[in-house]
Amino acid sequence: MATVELRNIKKRFGKTEVIHGVSTEIDDGEFIVIVGPSGCGKSTLLRMVAGLESVSDGEIRIDGSRVNEREPMERDIAMVFQNYALYPHMTVRQNMGYGLKIAGTPKRQIAAKVDEAAALLQLSDYLDRRPKALSGGQRQRVAMGRAIVREPKVFLFDEPLSNLDAKLRVQMRLEIKELQERIGVTSLYVTHDQVEAMTMADRMIVMNAGRAEQIGKPLDVYERPATLFAAQFIGSPSMNVLDGRIEAGEMRLGSAALGPAPAGLPDGPVKLGLRPEHALPDPDSPLRLRVRLSEPLGANTLLHGQLDQAEAPFTACLAGVHRTNGSGEIIPLRVAPEAIHLFSPETGDRLN
Amino acid sequence: MTATHDIGPGPAQPSGRRAAEPPPGMVERRGASLWLTHALLILGVLVVFFPIWLAFVASTVTQPEIARPPMPLWPGDRFFENYREALLSGVNVPVATMLLNSLVMAIGIAVGKIVISLLSAFAIVYFRFPGRTFFFWTIFLTLMLPVEVRIVPTYEVVAGFGMLNSYSGLIFPLIASATATFLFRQFFLTIPDELAEAARVDGAKPMRFFWDIVLPMSRTNIAALFVILFIYGWNQYLWPLLITTDPSMNTIVMGIKQMFPSGDDIAEWPVIMATSILAMIPPVIVVVSMQKLFIRGLVDSEK
Ligand SMILES: Nc1ncnc2c1ncn2[C@@H]1O[C@H](COP(=O)(O)OP(=O)(O)OP(=O)(O)O)[C@@H](O)[C@H]1O
Ligand SMILES: [Mg+2]
């Protein structure tokens, strides 16, 4: 069990800087998810914590002591790789016990630990098989088992579920989360899937282009995204962003008034963030959605189209079944003023 | 290993109609066509095998029988006598000695080449050191310098070290191998980086990683190369001819040539033929016994 501290971590490959200074403190036993689009530097950050990549600038501390210069092994971490990276010529048992074997643990102890981890992961029947003879989900569990038996201070996961099919992904997501809660090891988990991030994280780090845009609890990020990027990245379907303005203490979109603006904001242009699921049908509302496409999902219905008052496309997510008579239909929608997010058009930072 | 029957892409066929027929591209043979194919194959085997058969027949008859014009086509009754003579006394030196020499040289060359090239390929692929590409290309360039080209300077060096007429003289100059290094390098490049990283996280130092992971993963490749290199070593002719003047250091391939009579001596053809047959046996044993690994090493690798 351990705390992890990142102090202004930077990474340069040659002259190009790909991580521009990330800082955070991770509590003992916390499950942190690093989420962001492809190429934003998630893996690089994780690999620096693992010790597989050198740190160009800044400091990484595990349990209070600086580990920048330490080999992965000496950092007492375990890593689960995207393609599992199981040793193909070893049995499941040997794969799981390899780290302990190198550390010189007595054979009997290794066997006991492997058996225990295998029971936990429902792998007991497969211990003598080679990875080749396992399904994707089972391989994934072996990779987890290899991490568990070492009893490391920190678990590191790099997109461990991305090679699995959708259904298995949901199941493994639950299993990993459950397991982590049971053994309580501090974990860093990288994914580009915001659903995984929302469901698994105690806290998440939303990354964009080498910067941590926001660090916080999933629901806090959802309810109060700190930047436009975080607002659009978290939540599905993603938030609608429209060009509006504040006039005489009121939020306006084109000719339509959306309600009183939060106190203390000067008049001027703003970016309005409206979540699709916060749009409600309301015959009296001036916001009128011209539907181009409707996606009935059963539990809810996605309507894609354009508002009369704005250029940008708009998506609404209405609860339940909603039968439309096709393209061109006009639906008046209302969004509660307190559910509207305001962002600065220049910096993209949150205003309210 | 799964067998694929597609020989080529073949013309696209509407599916369904031909469900029970073989996939497009594979030509199915029936009746006369099948017999013809087999007849041709058998004929081919006979053509290839015939000289070997003649050699075997010649090794089981007496000298006068060979010299008399219609060459015998069926084995005689001198099998044991001829082979005993070849193995125990030979012409210049007992064949048993030459077989032993050849065996030591072939195994020495094969094992030496494999060890050296495994290690150098490992260094080139997994370590970043100054001049890495330079060294790789230097090794690669030596591909263009077969033994025959560098034979004179090599001879000087070996003679200078006093290694004439010794196993080390037979083996060491032939060990450095660009081909094997290159093949292992290509194989190592196909091992995912994450495997090396997983081993690093597990605490394996480089040589431990080599020993525990790279080596076992390369075993089919090693077997395939062993077969090829064993035969390469076994068939060496020019080099042993140059550096072994003492008959007791002769290898079998050069030894056969040495048995040919010079001037007016009478050739002991039955003994020479027996020697030839004996010379073929070890490579055949190596190929046959390692056939399965050999083919697996050439066609797929365990990853
Ligand atoms: N060895 C390297 N040399 C140079 N640039 C690199 C290297 N490794 C990564 N990068 C760059 O660093 C950036 C971040 O890469 P990284 O692999 O961390 O992205 P990621 O967020 O994990 O993306 P993905 O979701 O696709 O895995 C990318 O722009 C990539 O091109
Ligand atoms: Mg990545």
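All values reported here derive from a predicted model rather than from experimental measurement.

*Asks:* Account for the site of ligand 1, naming residues and giving values.
*Replies:* Residues and elements named next belong to chain A. What surrounds ligand 1 is the set Phe-13, Val-18, Pro-37, Ser-38, Gly-39, Cys-40, Gly-41, Lys-42, Ser-43, Thr-44 and Glu-159. Ser-38 has a polar side-chain atom sitting 2.5 Å from an oxygen atom of ligand 1. The contact in question runs from an oxygen atom of ligand 1 to an N or O atom on the backbone of Gly-39, over 2.8 Å. Compared with its free state, where it exposes 630 Å², ligand 1 has 56% of that area covered by protein. Across the shell around ligand 1, the residue classes break down as four nonpolar, five polar and two charged.

*Asks:* How would you summarise the nonpolar core if you had to cite specific residues and measurements?
*Replies:* The tendency in soluble globular proteins is for nonpolar side chains to be buried side by side. Leu-45 and Leu-156 of chain A together with Phe-188 of chain B are the most contacted members of the largest nonpolar core, which totals 85 residues. Examining the composition of this core, we find that 10 residues originate from one element, helix H4 (residues 95-126) of chain B, more than from any other. Those residues in contact with Leu-45 of chain A that sit more than four places away from it in its chain are Leu-6, Ile-9, Ile-19, Val-22, Ile-34 and Met-207 of chain A. Counting 43 residues, the second-largest nonpolar core is a separate cluster that includes Val-80, Met-96, Ala-201 and Ile-234 of chain A.

*Asks:* So what's going on with unusual backbone geometry? Residues and values would help.
*Replies:* Residue and element names in this part refer to chain A. Of note, the amide linkage connecting Ser-236 to Pro-237 takes the cis form, showing an omega dihedral of -5 degrees. Here Pro-237 shows up in the loop between helix H8 (228-233) and strand S11 (240-247). The backbone phi angle of Ala-209 is positive, close to 45 degrees, even though this residue is not glycine. The residue Ala-209 is located in the loop between strand S9 (203-208) and strand S10 (211-216) in this model. Relative accessible area serves as the criterion here: at 45%, Ala-209 is assigned to the partly exposed category.

*Asks:* Please set out the sheet that holds strand S20 (residues 341-343) of chain A residue by residue, giving values where relevant.
*Replies:* All names here are of chain A. Taking strand neighbours across the sheet as the criterion, the five strands line up as S13-S12-S11-S14-S20 in an open arrangement whose pairing is antiparallel. A strand with exactly one partner marks an edge of an open sheet, and here the two such strands are strand S13 (256-260) and S20. The average undirected angle you get between the axes of adjacent strands in this sheet is 40 degrees. For strand S14 (residues 268-274) and S20, the ladder comprises three bridges, and the chain directions are antiparallel. Pairing of Leu-272 across the sheet is with Leu-342, part of S20.

*Asks:* Can you break down the interface of chain B and chain A residue by residue, with the values?
*Replies:* Listed as interface residues are 19 residues of chain B and, on the opposing side, 26 residues of chain A. For the pairing of chain B and chain A, the buried interface totals around 2000 Å² over both sides, and the portion due to carbon and sulfur atoms is 56%. Per-residue buried area on chain B facing chain A is highest for Arg-200, Val-201 and Asp-202 of chain B; these three make up 35% of the total on that side. Our count for the chain B to chain A interface comes out at three salt bridges. Between Asp-202 of chain B and Arg-150 of chain A there is a salt bridge, with the nearest N and O atoms lying 3.3 Å from each other. Applying the counting rule to chain B against chain A returns 11 residue pairs in polar contact (both at pLDDT 80 or more).

*Asks:* Tell me what's going on with a nonpolar patch on the surface, and back it up with residues and numbers.
*Replies:* All names here are of chain B. On the surface, a cluster of nonpolar side chains totalling about 550 Å² of accessible area is made up of Leu-103, Ile-107, Val-111, Val-115, Ile-116, Leu-119 and Met-207. Element by element, the count of residues in the nonpolar patch is highest for H4, at six residues. On the secondary structure map, Met-207 appears in helix H10 (residues 206-217). With a relative accessible area of 47%, Met-207 lands in the partly exposed category.

*Asks:* How would you summarise the domain arrangement of chain A if you had to cite specific residues and measurements?
*Replies:* Residue and element names in this part refer to chain A. When cut into domains, chain A gives domain 1 (4-233) and domain 2 (240-343). One C-alpha centre belongs to domain 1, the other to domain 2, and the line joining them spans 39 Å. Contacts between the two partners involve nine residues from domain 1, matched on the other side by seven residues from domain 2. For the pair domain 1 and domain 2, the two sides together bury roughly 640 Å², of which 60% comes from carbon and sulfur. Counting the contacts that link domain 1 with domain 2 gives zero salt bridges. For the pair domain 1 and domain 2, the number of links is two residue pairs in polar contact (both at pLDDT 80 or more). Elements that contribute at least two residues to the side of domain 1 that touches domain 2 include exactly helix H7 (218-223) and H8. Tallied by class, the residues present in the side of domain 1 that touches domain 2 amount to six nonpolar, two polar and one charged.

*Asks:* Would you mind going over the packing of H4 of chain B against helix H11 (residues 219-234) of chain B in detail, with residue names and values included?
*Replies:* For any two helices packed against each other, one specifies the crossing angle of their axes together with the interaxial distance. Residues and elements named next belong to chain B. One can describe the packing of H4 onto H11 by two numbers: an axis separation of 8 Å at closest approach and a directional angle of 135 degrees. By the angle between their axes, H4 is oblique relative to H11. You can see that H4 and H11 cross each other, and the crossing is right-handed. Of the residues in H11, those touching H4 at Leu-99, Ser-102, Leu-103, Met-105, Ala-106, Ile-107, Ile-109, Ala-110, Val-111, Lys-113, Ile-114 and Leu-118 are Ile-222, Leu-225, Phe-226, Leu-229, Phe-230, Tyr-232, Gly-233 and Trp-234. A breakdown of the residues in the contact of H4 with H11 according to their chemical character gives 17 nonpolar, two polar and one charged.

*Asks:* Please set out the pattern of salt bridges residue by residue, giving values where relevant.
*Replies:* Residues and elements named next belong to chain A. Applying the stated criterion to the full structure yields 25 salt bridges over all chains. Notably, a salt bridge pairs Glu-250 with Arg-252, separated by 3.6 Å at the nearest N-O pair. In this structure, a network of salt bridges that share partners links the residues Glu-5, Arg-7, Glu-59, Arg-61, Arg-66 and Glu-69.

*Asks:* Outline the sheet that holds strand S16 (residues 287-296) of chain A, listing residues and values.
*Replies:* Residues and elements named next belong to chain A. If you trace the five strands from one edge of the open sheet to the other, you get S15-S19-S16-S17-S18, paired in antiparallel fashion. Because the sheet does not close on itself, it has two edges, and the strands there are strand S15 (279-281) and strand S18 (313-319). When the angles between neighbouring strand axes are averaged without regard to direction, this sheet yields 50 degrees. Pairing of S15 with strand S19 (residues 330-335) involves three bridges; the strand directions are antiparallel. Its bridge partner lying in S19, Pro-281 is registered against Leu-333.

*Asks:* Give me the lowdown on the side chain of Glu-159 of chain A, citing residues and values where you can.
*Replies:* All names here are of chain A. With respect to the secondary-structure elements, Glu-159 resides in the loop between strand S7 (154-158) and helix H5 (166-183). One buried charge, Glu-159, has no salt-bridge partner; the nearest side chain with opposite charge is Lys-42, at 4.2 Å. Looking at Glu-159, its side chain comes within polar contact range of the side chain of His-192, at 2.8 Å. Excluding its chain neighbours within four sequence positions, the residues that come into contact with Glu-159 are Lys-42, Gln-82, Val-190, Thr-191 and His-192.

*Asks:* Summarise the pairing of strand S17 (residues 300-307) of chain A; cite the residues concerned and give the values.
*Replies:* Residues and elements named next belong to chain A. Within S17, six of the eight residues are buried, which leaves the element mostly enclosed by the surrounding structure. Across seven bridges, the pairing between S16 and S17 is antiparallel. Among the inter-strand pairings, Ser-294 is bridged to a residue of S17, identified as Leu-303. Here S16 folds back onto S17 in antiparallel fashion, the turn holding three residues, of which Gly-298 has a positive phi close to 95 degrees. Strand direction decides the pairing type here: S17 and S18, joined by seven bridges, are antiparallel. In the strand pairing of S18, Gln-306 is matched with Pro-313. Connecting S17 to the antiparallel partner S18 that follows it, the hairpin turn spans five residues.

Rules used in this analysis
Residues numbered from 1 in each chain as written. Chains lettered and ligands numbered in written order. Predicted model: local features only at pLDDT ≥ 70, side-chain atom pairs only at ≥ 80, totals over all residues. Heavy atoms only, no water. Near = heavy atom within 4 Å. Polar contact = N/O pair within 3.5 Å; in protein donor to acceptor, adjacent residues only side chain to side chain. Areas by Shrake-Rupley, 256 points an atom, 1.4 Å probe, with all protein chains shown as cover. Nonpolar A, V, L, I, M, F, W, Y, C, P; charged D, E, K, R; others polar. Core = buried A, V, L, I, M, F, W, Y, C linked by side-chain atoms within 4.5 Å. Buried < 20%, exposed > 50% of the residue type's maximum accessible area, 1.4 Å probe, protein only. Helix = DSSP H or I, 4+ residues; strand = E, 2+ residues; numbered from the N terminus. Contact = heavy atoms within 4.5 Å. Pairing = 2+ DSSP bridges. Axes fitted to C-alpha atoms, helices over the stretch in contact; angles between N-to-C directions. Buried area = accessible area lost by both parts, 1.4 Å probe. Salt bridge = Lys/Arg side-chain N within 4 Å of Asp/Glu carboxyl O. Patch = residues over 30% accessible without salt bridge, like charges linked within 9 Å, V, L, I, M, F, W, Y side chains within 5 Å. Domains from an automatic or database assignment. Parallel < 35°, antiparallel > 145°, perpendicular 65-115°, else oblique. Left-handed = near helix turned anticlockwise from the far one by under 90°. Lys, Arg positive; Asp, Glu negative; His and termini not counted.

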